[in-house]
Amino acid sequence: MSELGSKHDLTSFISKYLDDHFVLLVLKFLEERDFNNKNQKKLAISKLNVLQKTNRHEDFIKLYKEVNETDKAPKEMLEKNQKFLKQFDNWLKLSKPIIELLPKIVNPKKDTSIEQLKKENNITEENVNSLLQYSRGLYGRGDYLTSLEYLKITQLLCSEESLKLEIQWGKVSCLLLLPNERERLPLEFETLRTLIDKSRKNKSKKKILQEKTWLLHWALCYYFTSDEKTASQFVDKFFYGHYVEVISSICPYLLRYLVISTFLNSKRKNYTRDLARLIKQQRPYYSDPITEVVYQIYITSDLEKAQEMYEESIKVMTGDFFLHRFIEKFTYGVRASIFESFCRIHRSFYVSEFSNLIKVNDDFAKKFMNGHAKLLAMELTYGQDDLVKAGSQNTIRRQFNTRTRYQNQRSGNIDQTIQNFEILRSEKLEQEKNQQKNRRKK
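Note that this is a predicted model, so its numbers are computed, not measured. (Residues numbered from 1 in each chain as written. Predicted model: local features only at pLDDT ≥ 70, side-chain atom pairs only at ≥ 80, totals over all residues. Heavy atoms only, no water.)

K.L.:
Kindly report on the packing of aromatic side chains, identifying the contributing residues and their values.
P.N.:
A complete count under the given rule lists 34 aromatic pairs for this structure. Plain terms: the ring middles of F234 and F238 are 5.3 Å apart, the flat faces sit at 45 degrees to each other, and that makes the pair tilted. Here F238 and F234 lie together in helix α13 (residues 228-238), a separation of 4 residues that amounts to about one turn. In this structure, F234 and F238 share a single accessibility class: buried. Its guanidinium or amino end placed over the ring of F238, R193 lies 5.4 Å from that ring's centre, counting from NZ or CZ. When the ring centre of Y382 is taken as reference, the NZ or CZ atom of K366 above it lies at 5.3 Å. (Phe/Tyr/Trp six-rings, centres within 6.5 Å; stacked < 30°, edge-to-face > 60°. Helix = DSSP H or I, 4+ residues; strand = E, 2+ residues; numbered from the N terminus. Buried < 20%, exposed > 50% of the residue type's maximum accessible area, 1.4 Å probe, protein only. Lys NZ or Arg CZ within 6 Å of the ring centre and 35° of its normal.)

This is the structure in structure tokens:
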């Protein structure tokens, strides 16, 4: 995302797949990051365009007056609001039979099914559909908690599987916008993913791709708006199978979030190589400083370039709604990866060489190396003038020397085998000649 309209800003790409109410949160974040007020007008117009698609008509009118410096509200919006309120009252009226029955639906008797309750209380499909529309209306006005509770009831009463999936999208959307209800989100999000996977049989390939694309983008709203542990799970959940295909073919810019999730993940090494290969494959179509960090470390081993891209990455993350809170952990992950690669390349090095590479002082570099080496069970030996030897990790040079020795040994073994074969062959030929001579004498 970063600064609106900047080279690495993803707002226009990602917002196409987010709910309008969540887009408003993203725009608010960008407003707060616009320290020089360069984009305030542009952001206000973007907010107006989004609000126009919701039922938050009063918010739209208020902002419209501010942007246009007028006291008059747009006539079409006033008419739209009157029409909506009329529909809203009608949906409420038709939903009343269900709303009055809520205690029995939420806590039914052991021997009473939902279908029996519907039949006994004359609950029709029109009533159920009206409650669904009423829930949507509440959501559109910003009453997410009440909408969530009515969506739960609608899902219990609904008999259509396709409608159940639609309602599940609504429940997840409400929970994403309710910070105090976050503990319910993991289960509901997993239910949504399961329902999407189950409904694949009856859908076209295009529809399946669309749903998975939307799910990936909504996953950003779940995994990257919480803590580091939750963000680290994004790569666990979506770096496989169909989701990699979706990312590669439709939204390669989501590689950015896979990278951050990987650097936050305690099982980072399980993903970095495969992720680096995917980034290399997608590089002609998409790259940014964050994906370039992985490419430079794991594909080219250009650690100076990796550090340069890391510095650019921090600027990108600072302006990214989903990533700004993970800069510190990302920094540690990048330095750890650079350190590991540095030790593989060099048999020995001075502390100052590493500190200059990651642009920190020598004391910090030494403390960092000791801490990370301990995690890797790697032995670091310090010599004169802070010359460092990484004892337990094979360097590239050492691997090369080992392989060369192996090849030489193997070549020597082959030569010896050939010589032995020639000796045996000569002995056999000599034996055959002697046998022939003996036959002639006889």
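K.L.:
Describe in detail the pattern of salt bridges, supporting the description with residues and values.
P.N.:
For side chains bearing opposite charge, pairing can occur when the charged atoms are close. Enumeration according to the criterion identifies 24 salt bridges in this entry. The shortest N-O distance in the salt bridge between E125 and K118 comes to 3.5 Å. Relative accessible area serves as the criterion here: at 36%, E125 is assigned to the partly exposed category. With a relative accessible area of 8%, K118 lands in the buried category. Where R184 meets E149, a salt bridge forms, and the shortest distance between an N and an O atom there is 3.6 Å. Separated by 35 residues along the polypeptide, R184 in the loop between α10 (161-176) and α11 (185-198) and E149 in helix α9 (residues 144-157) bring together distant segments of the chain. A cluster of three or more residues bridged by salt bridges with shared partners is formed by E149, K152, E181 and R184. (Salt bridge = Lys/Arg side-chain N within 4 Å of Asp/Glu carboxyl O.)

K.L.:
Any chance you could break down α9 for me, citing the residues and the numbers?
P.N.:
The terminal C-alpha atoms of α9 lie 20 Å apart, and with 14 residues this matches the ideal 20 Å at 1.5 Å per residue to within 8%. All of the buried residues in α9 are Y144, S147, L148, Y150, L151, I153, T154, Q155 and L157. If you follow the buried residues of α9, they end up packed against α2 (20-33), α5 (75-99), α6 (102-106), α7 (114-120), α8 (125-141) and α10. (Expected span 1.5 Å × (residues − 1). Contact = heavy atoms within 4.5 Å.)

K.L.:
Quick one: what's the story with the sheet that holds strand β1 (residues 348-350), residue by residue and with numbers?
P.N.:
Read across the open sheet, the 3 strands follow the order β1-β3-β2; overall the sheet is antiparallel. With partners counted over all chains shown, the strands left at the sheet margins are β1 and β2 (380-382), one partner each. Shown here is a sheet whose adjacent strand axes are inclined to one another by a mean of 30 degrees, direction ignored. As paired elements, β1 and strand β3 (residues 387-390) share 3 bridges and run antiparallel to each other. What sits directly across from Y350, in β3, is L387. Taken strand by strand, helix α21 (residues 362-376) contacts β1, β2 and β3, and its axis lies near 145 degrees from that of β2. (Pairing = 2+ DSSP bridges. Axes fitted to C-alpha atoms, helices over the stretch in contact; angles between N-to-C directions.)

K.L.:
Describe the pairing of β3, and please don't skip the residues or the numbers.
P.N.:
Of the two faces of β3, the one lined by V388 and A390 is fully buried and the one lined by L387 and K389 carries no buried residue. Relative to β3, β2 runs antiparallel, the two sharing 3 bridges. From the neighbouring strand, Y382 faces β3, where its bridge partner is V388. Linking β2 back to β3 in an antiparallel pair, the connection comprises 4 residues, with D385 at a positive phi of about 60 degrees.

K.L.:
Help me get a handle on α13, residues and values and all.
P.N.:
Every buried residue belonging to α13 is among T230, A231, S232, F234, V235 and F238, and all of these are buried. Considering only its buried residues, α13 is in contact with α11, α12 (205-223), α14 (241-249) and α15 (255-264).

K.L.:
Which residues make up the environment of P186, and what are the values?
P.N.:
Within the secondary structure layout, P186 lies in helix α11. The exposure class of P186 is partly exposed, given its relative accessible area of 37%. Sequence spacing of P186 and T230 is 44 residues, and the spatial spacing of their C-alpha atoms is 9.6 Å.

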